[in-house]
Amino acid sequence: MIKLQVTNETGRLRAVVLGIANQNGPAPKAEEAYDPKSLEHILAGTYPVESDMVFEISAFHDVLERYGVKVYRPELIPDLNQIFSRDIGFVIGHYFIKANILPDRAEEWRAIEHIVKQVEPENFIEAPEEVHIEGGDVILWNDYLFVGTYNGDDYSSINTARTNMNGVQFLKDMFPNKIVKGFDLIKSMTNPRENALHLDCCFQPVGREKAIIYPGGFRNPTDYLYLRKIFGGENIFTITADEMYEMYSNVFSISEDVVVTERRFDRLNYWLRDHGFHVEEVPYHEIGKQEGLLRCSTLPLYRD
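Residues numbered from 1 in each chain as written. Predicted model: local features only at pLDDT ≥ 70, side-chain atom pairs only at ≥ 80, totals over all residues. Heavy atoms only, no water.

Caption draft 1: Spotlight on the overall build of the protein. For the protein, the helix and strand inventory stands at nine helices and 15 strands. A compact globule built from 304 residues should have a C-alpha radius of gyration of about 19 Å, and the protein, at 18 Å, falls within 12% of that. Seen through its C-alpha atoms, the protein measures out along the principal axes to roughly 45 × 45 × 45 Å. For the protein, the proportion of its 304 residues judged to be buried stands at 59%. A fraction of 76% describes how many contacts in the protein between residues 6 or more apart in sequence connect residues 24 or more apart. On the protein, roughly 12,500 Å² of surface is accessible, and the fraction owed to carbon and sulfur atoms is 48%. Computing the positive centroid from 31 side-chain charges and the negative centroid from 47, the protein places the two 4 Å apart. (Helix = DSSP H or I, 4+ residues; strand = E, 2+ residues; numbered from the N terminus. Rg over C-alpha atoms; globule rule 2.2 N^0.38 Å. Buried < 20%, exposed > 50% of the residue type's maximum accessible area, 1.4 Å probe, protein only. Contact = heavy atoms within 4.5 Å. Areas by Shrake-Rupley, 256 points an atom, 1.4 Å probe, with all protein chains shown as cover. Lys, Arg positive; Asp, Glu negative; His and termini not counted. Charge placed at Lys NZ, Arg CZ, Asp CG, Glu CD.)

In structure tokens form, the structure reads like this:
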């Protein structure tokens, strides 16, 4: 059986599900886009090709294996985008939670069922139908559960709103010993620089006390101030709207000291190294054209 343990974003990683890009299918049509950044590249004719995405995920896989991480992969389903494993499930403590994701993406769950079947049944939780929640909106930080959501009245008509307030309440009910904090995120169906698709698109802890944050990703400025109080202004790397667009906050920690980032993130990579981190740079720019990056591609199962 697979043992589960995740309490934060930076504990030493031992086991993870990493998405795949093989037989990803043709580029979607504009009306099939899930997010504004994918739409932008579909319309521009710059949507990523399969060979480039396979190369990028392979580079990430090589880094994980070099650090001795057990890497599980989804079962290949032809003509299905299976890159972003983060959204279809997530681990909190010793529990695996099956997310309720966009109906169009439901088939992705079937690709990881062979992994989830190795989890003890008593450690498996399936969210009720009215609970909308995706793993990109759930960030663990020791006693805290940070949850991205959208409180607008037009929630049901916005494709980029992935976690509702029922999802926040569900986590409060399931984990009463955690401080569960919801963050109302900006959403756009047309402008990728004004769309925080998930919480990890505008916020991510790194190391023991630091964080990467885009303040403009929160509809309520007090939400940013809440995080600033927890981490301290001196420990925050503040990113711009363009850097959010490039997915600067969607890096991935192998440990408190090792962070995997996109090799083009010069300003962030310099800051991380200047603060004592070992930075593993990988090519991930093409995958980033789908408004997801390194954290989005992973589903951690066990961290020390």
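Once you've had a look at it, read on.
Caption draft 2: Quick peek at helix 1 (residues 36-44). Along helix 1, the residues that are buried comprise Pro36, Lys37, Ser38, His41 and Ile42. Contact partners of the buried residues in helix 1: helix 7 (241-245) and helix 9 (285-288). You can read the cap of helix 1 off the contacts: a side-chain oxygen lies 3.1 Å from the backbone nitrogen of lysine 37, and it is on aspartate 35. Of the residues flanking the end of helix 1, it is glycine 45, one or two places downstream, whose phi is positive at about 75 degrees. (Polar contact = N/O pair within 3.5 Å; in protein donor to acceptor, adjacent residues only side chain to side chain.)

Caption draft 3: Geometry of the side chain of aspartate 223. Turning to its location among the elements, aspartate 223 is positioned in helix 6 (residues 221-231). For aspartate 223, a relative accessible area of 5% puts it in the buried group. Ignoring sequence-local partners within four residues, the contact set of aspartate 223 consists of Lys181, Gly182, Phe183, Asp184 and Phe218.

Caption draft 4: Broad picture of the pairing of strand 8 (residues 179-184). As paired elements, strand 7 (residues 144-149) and strand 8 share six bridges and run parallel to each other. Each bridged residue has a counterpart across the sheet, and for leucine 145 the counterpart in strand 8 is valine 180. What joins strand 7 to strand 8 is helix 5 (residues 165-174), and the crossover it makes is right-handed. (Pairing = 2+ DSSP bridges. Right-handed = clockwise from strand over helix to strand, strands pointing away.)

Caption draft 5: Inspection of the environment of arginine 73 at higher detail. Residue placement: arginine 73 occurs in the loop between strand 2 (70-72) and strand 3 (89-92). For arginine 73, a relative accessible area of 28% translates into the label partly exposed. In this structure the C-alpha to C-alpha distance between arginine 73 and serine 85, which are twelve residues apart in sequence, comes to 9.3 Å. In this structure arginine 73 touches Leu18, Gly19, Ile20, Ile57, His61, His114 and Ile115, once residues within four positions along its chain are discounted.

Caption draft 6: Region of interest: the environment of asparagine 81. For asparagine 81, the location among the structural elements is in the loop between strand 2 and strand 3. For the pair asparagine 81 and asparagine 22, spaced 59 residues apart in sequence, the C-alpha to C-alpha distance is 8.6 Å. Among all residues touching asparagine 81, those that are not within four sequence positions of it are Asn24, Tyr47, Glu108 and Gln290. Separated by 3.1 Å, the side chain of asparagine 81 and the backbone nitrogen of isoleucine 83 make a polar contact. There is a polar contact of 2.7 Å between the side chain of asparagine 81 and the side chain of glutamine 290.

Caption draft 7: Representation of the nonpolar core in the model. Among the nonpolar cores identified, the biggest contains 58 residues, and Leu64, Phe146, Leu199, Phe203, Phe218 and Leu268 are the most heavily contacted of them. Contact partners of phenylalanine 203, with chain neighbours within four places excluded, come to Ile139, Phe146, Ala211, Ile212, Ile213, Phe218, Leu227, Phe231 and Ser249. (Core = buried A, V, L, I, M, F, W, Y, C linked by side-chain atoms within 4.5 Å.)

Caption draft 8: Highlighting the layout of surface pockets. Computed from the structure, the largest pocket encloses a volume of approximately 650 Å³. Secondary-structure elements contributing two or more residues to the lining of the largest pocket are helix 1 and helix 2 (50-66). Grouping the amino acids of the lining of the largest pocket by side-chain chemistry returns 14 nonpolar, seven polar and ten charged. (1 Å grid on protein atoms, 1.4 Å probe; cavity = no way out; pocket = protein on both sides within 12 Å on 5 of 7 lines; lining within 4 Å. Points joined across faces, edges and corners; volume = space filled by probe spheres on them. Nonpolar A, V, L, I, M, F, W, Y, C, P; charged D, E, K, R; others polar.)

Caption draft 9: Spatial organisation of empty space enclosed by the protein. All chains considered together, the criterion is met by three cavities of 30 Å³ or more. The space that makes up the largest cavity amounts to roughly 80 Å³. Lining the largest cavity are Val6, Asn8, Glu9, Arg86, Phe90, Val91, Val138, Leu140, Arg295, Pro300 and Arg303. Of all elements in the fold, only strand 3, strand 6 (138-141) and strand 15 (298-303) reach the threshold of two or more residues within the lining of the largest cavity. Here the lining of the largest cavity is composed, by residue class, of six nonpolar, one polar and four charged.

Caption draft 10: Broad picture of the sheet that holds strand 15. With mixed pairing, three strands are arranged side by side in an open sheet as 2-1-15. Of all strands in the sheet, those with a lone pairing partner are strand 2 and strand 15, marking the two edges. Averaged over all pairs of adjacent strands, the angle between strand axes in this sheet comes to 20 degrees, irrespective of strand direction. Here three bridges tie strand 1 (residues 13-18) to strand 2, and the two strands are oriented parallel to one another. When the bridges of strand 2 are listed, valine 17 appears paired with tyrosine 72. Here helix 2 sits on the sheet in contact with strand 1, strand 2 and strand 15, set at roughly 160 degrees to strand 1. (Axes fitted to C-alpha atoms, helices over the stretch in contact; angles between N-to-C directions.)

From the geometry alone we can't say anything about function, so treat these as descriptive.
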